[in-house]
Amino acid sequence: MKSVTAVINTQALISNIEKIKSWAPQSKIVAVVKANAYGHGVITVAQTLDPKVDAFAVARLPEALELRAAGIQKPVILLEGFLNDEDLPIIAEQGFYTAIHDEAQLDALERTQVPQPIHAWLKIDIGMHRLGASRDEVASMKERLEHSAKVVQPIGLISHLSVADCPEQSDYNEEQINYFFEVAQGFSGDLCLGNSAGIISWPKARTTYVRPGIIMYGISPYADKTGTDLGLTPVMTLKSSLIAIRKIKKGERVGYGATWTAPHDTILGIVGAGYGDGYPRTVPNGTPVLINGRMAPTAGRVCMDMLFVDLGPDAQDHIGDEAILWGEGLPVERIAAACGTIPYELVCRIMPRVNMEVKA
């Protein structure tokens, strides 16, 4: 028997990138690999995609340095920019591209000595209200960047769509996109707007560079669709095994808190996976687990290292049989919906003790 394993299908990753290119054939691809490539293993993902994409994007400097240490030499964009003055010489030496999203970062750049000019993208707030220059800051920040000898010219323009995954909010999407292009009229550098949902749903957001994230991993950015619905292939399959099988009688109560009671005589399977591996404790009773080609419902609370499934009174399953928690045959979107969360959270939660197996 194997303990919990996340199988990473690199051919699925390549297939998804080709699909993304078909949606945005005129755009360069920035592969978003922050948060350990959304839990998929950043080095495996980056090395697989290196021949297929134009750049990579991460959230923080240590993530960018990890890519360089693994031999990735393509541009790496710091989507959150830098946090400290001492980051700037490293960014310059490594040739990283950094977002500049507020005046405090500009002040730091102007007072810090760098060994060579840095590549900068002015990040503007078009509606998320998270990071980015506000409307009354854009002109002055642009001017300071364009007149700085510490910045490679021309500078780029980057932003983030906050409701691209909500097609029903078409007016707000259009408002954000139109404002981005209004600002872009004054820029001669590269533009970067489209995220995963923007690439699919908003053709105008397919700028010079686009930034696919969750769709690279075969997962849908939409609440009402799976990646398979979009023609994508799941890259991660999270699986374990049945480690015990128990017969129980009608009326017997199962697990911590006794939250599930057997409605009839049945057979319980104990799967060797739990929230200590990243499988959510919040899954309700009845959440599917794929065992021997059928969906077996969870029964009772998920434990740290194990979970229960109701195999049914006539089950012929055996100890050691494979249990797929999500991935091939069972979309992670389905598990996320059952938990009232998004699939991004589930795949990013994979714990260090989970075995990572690459399937070429």
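Predicted model only: the values in this text are computed from it and were never measured. (Residues numbered from 1 in each chain as written. Predicted model: local features only at pLDDT ≥ 70, side-chain atom pairs only at ≥ 80, totals over all residues. Heavy atoms only, no water.)

**Q** Looking at this model, I keep getting lost on the pattern of salt bridges. Mind explaining?
**A** Side chains that carry opposite charge are capable of pairing whenever their charged atoms lie near each other. Considering all chains together, one arrives at 12 salt bridges under this definition. Where Asp277 meets Arg353, a salt bridge forms, and the shortest distance between an N and an O atom there is 2.7 Å. Remark: Arg353 occurs in the loop between helix 11 (343-348) and strand 18 (355-359) and Asp277 occurs in the loop between strand 13 (266-271) and strand 14 (288-291); sequence separation between them is 76 residues. In this structure Asp277 comes out as buried when scored by relative accessible area, which is 6%. The class for Arg353 is partly exposed, based on a relative accessible area of 45%. The closest approach of N and O atoms between Arg353 and Asp305, which form a salt bridge, is 2.7 Å. Highlighted residues: Arg353 in the loop between helix 11 and strand 18 and Asp305 in the loop between strand 15 (294-297) and strand 16 (307-310), separated in sequence by 48 residues. Since its relative accessible area comes to 34%, Asp305 is described here as partly exposed. (Salt bridge = Lys/Arg side-chain N within 4 Å of Asp/Glu carboxyl O. Helix = DSSP H or I, 4+ residues; strand = E, 2+ residues; numbered from the N terminus. Buried < 20%, exposed > 50% of the residue type's maximum accessible area, 1.4 Å probe, protein only.)

**Q** I'm lost on the environment of Gly312 in this one. Help?
**A** Mapped onto the elements, Gly312 comes out in the loop between strand 16 and strand 17 (322-326). The exposure class of Gly312 is buried, given its relative accessible area of 15%. Spatially, the C-alpha atoms of Gly312 and Ser134 are 58 Å apart, while their sequence positions differ by 178 residues. The contact partners of Gly312, leaving out residues within four places of it in the chain, are Thr266 and Ile267. (Contact = heavy atoms within 4.5 Å.)

**Q** Please clarify how the pairing of strand 2 (residues 28-32) should be interpreted in this entry.
**A** Successive side chains on a regular strand alternate, one facing one side of the sheet and the next facing the other. Within strand 2, 4 of the 5 residues are buried, which leaves it mostly tucked inside the rest of the structure. One ladder, built from 2 bridges, connects strand 2 with strand 9 (residues 209-210); its direction is parallel. The residue bridging Lys28 from the neighbouring strand is Tyr209, located in strand 9. When strand 2 meets strand 3 (residues 55-58), the two strands line up parallel, connected through 3 bridges. Bridged to Ala31 within strand 3 is Phe56. (Pairing = 2+ DSSP bridges.)

**Q** What is the right way to look at unusual backbone geometry in this model?
**A** The phi torsion of most residues other than glycine is negative, and most of the peptide bonds are trans. In this chain, Gln153 is followed by Pro154 through a cis amide linkage whose omega measures -5°. Within the secondary structure layout, Pro154 lies in the loop between helix 7 (138-146) and strand 7 (156-158). Unusually for a residue other than glycine, Asn36 sits at a positive phi of about 55°. For Asn36, the position within the fold is in helix 2 (residues 34-38). One non-glycine residue, Ala258, lies in positive phi territory at about 50°. Tracing the backbone shows Ala258 in the loop between strand 11 (253-254) and strand 12 (260-261).

**Q** Quick question: what am I supposed to make of the packing of aromatic side chains here?
**A** The geometry of an aromatic ring pair is captured by two quantities: the separation of the ring centres and the angle between the planes. Applying the stated criterion to the full structure yields 5 aromatic pairs. Measuring from centroid to centroid gives 5.7 Å for Trp121 and Tyr209, while their planes differ by 75°, and the two rings are edge-to-face. On the criterion of sequence distance, the pair formed by Trp121 in strand 6 (residues 119-123) and Tyr209 in strand 9 is long-range, its members being 88 residues apart. Per residue, the accessibility class of Trp121 equals that of Tyr209, and both read buried. Taken together, the ring pairs connect Tyr38, Tyr217 and Tyr344 into an aromatic cluster. Looking at Arg135, its charged tip hangs above the ring of Tyr179, at a distance of 3.8 Å from the centre. The residue whose ring lies beneath Lys142 is Phe187, and the NZ or CZ to ring-centre distance is 5.3 Å. (Phe/Tyr/Trp six-rings, centres within 6.5 Å; stacked < 30°, edge-to-face > 60°. Lys NZ or Arg CZ within 6 Å of the ring centre and 35° of its normal.)

**Q** What exactly am I supposed to notice about the packing of helix 1 (residues 10-23) against helix 3 (residues 42-49) here?
**A** One way to put it is that helix 1 packs onto helix 3 with a least axis distance of 10 Å and a crossing angle of 50°. It follows from the interaxial angle that helix 1 and helix 3 lie oblique. Where helix 1 crosses over helix 3, the two elements pack in a sense that is right-handed. Facing Thr10, Leu13, Ile14 and Ile17 of helix 1, the residues of helix 3 in contact are Thr44, Val45, Thr48 and Leu49. A breakdown of the residues in the contact of helix 1 with helix 3 according to their chemical character gives 5 nonpolar, 3 polar and no charged. (Axes fitted to C-alpha atoms, helices over the stretch in contact; angles between N-to-C directions. Parallel < 35°, antiparallel > 145°, perpendicular 65-115°, else oblique. Left-handed = near helix turned anticlockwise from the far one by under 90°. Nonpolar A, V, L, I, M, F, W, Y, C, P; charged D, E, K, R; others polar.)

**Q** How should the layout of surface pockets be read in this particular structure?
**A** The probe, sized like a water molecule, is rolled over the atoms to show the empty space still left. Considered as a void within the structure, the largest pocket measures approximately 1,000 Å³ in volume. Surrounding the largest pocket, 45 residues form its lining, Lys34, Tyr38, His160, Asn195 and Tyr344 being those nearest its centre. Secondary-structure elements contributing two or more residues to the lining of the largest pocket are helix 2, helix 9 (196-201), helix 10 (332-339) and helix 11. In terms of residue count, the dominant contributor to the lining of the largest pocket is helix 11 (4 residues). Per-class residue counts for the lining of the largest pocket are 25 nonpolar, 8 polar and 12 charged. (1 Å grid on protein atoms, 1.4 Å probe; cavity = no way out; pocket = protein on both sides within 12 Å on 5 of 7 lines; lining within 4 Å. Points joined across faces, edges and corners; volume = space filled by probe spheres on them.)

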